[in-house]
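Below are the chains, spelled out letter by letter.
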Amino acid sequence: MERLHLRPLTAILTRRDCKFCRQSDPDFEKRNPMDKLVCGKQDTATAHMSENGYVKHRILEIEVRLGVTEFGLLLSVA
């Protein structure tokens, strides 16, 4: 058998909850299980297993950039 066929599949088979979404989304536990999962080692929107997870991750990124806290309240600007 060729060596190319014997590559480890750990990066493909590694699935876990997205840490960024877990920290930023107060409703993370209410999500569909597939919307929570990312594949690989990075917590990016493109690593999400479902399209809904991807979209929710992008929305959270925008909220973090705008200064919206994880509880949906705008931070006071002094």
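Residues numbered from 1 in each chain as written. Predicted model: local features only at pLDDT ≥ 70, side-chain atom pairs only at ≥ 80, totals over all residues. Heavy atoms only, no water.

With that out of the way, let us pick up the overall build of the protein. The secondary structure content of the protein amounts to 4 helices and 2 strands. The order of helices and strands in the protein, counted from the N terminus, is α-β-α-α-β-α. Across the protein, every contact between residues at least 6 apart in sequence was considered, and the portion connecting residues at least 24 apart equals 38%. (Helix = DSSP H or I, 4+ residues; strand = E, 2+ residues; numbered from the N terminus. Contact = heavy atoms within 4.5 Å.)

Moving on: the nonpolar core. Judged by nonpolar contacts, Cys18, Cys21, Phe28, Val38, Ala47 and Leu60 together constitute the single largest core of 6 residues. In this structure valine 38 touches Thr14, Arg15, Arg16, Asp17, Cys18, Asp43, Thr44, Ala47, His48 and Met49, once residues within four positions along its chain are discounted. (Core = buried A, V, L, I, M, F, W, Y, C linked by side-chain atoms within 4.5 Å. Buried < 20%, exposed > 50% of the residue type's maximum accessible area, 1.4 Å probe, protein only.)

Attention now goes to the pattern of salt bridges. A full pass over the atoms with the stated rule returns 7 salt bridges. Residues aspartate 43 and arginine 16 are paired through a salt bridge, measuring 2.8 Å at the closest nitrogen-oxygen approach. In this pair, aspartate 43 is assigned in the loop between β2 (37-39) and α4 (51-66) and arginine 16 in strand β1 (residues 15-17), connecting sequence segments 27 residues apart. Judged by relative accessible area, which is 25%, aspartate 43 ranks as partly exposed. Two residues, lysine 36 and glutamate 29, come together in a salt bridge whose shortest N-O distance is 3.8 Å. A relative accessible area of 12% means that lysine 36 is categorised as buried. For glutamate 29, a relative accessible area of 56% translates into the label exposed. Taken together, the shared-partner salt bridges in this structure form one network comprising Asp17, Arg22, Glu29 and Lys36. (Salt bridge = Lys/Arg side-chain N within 4 Å of Asp/Glu carboxyl O.)

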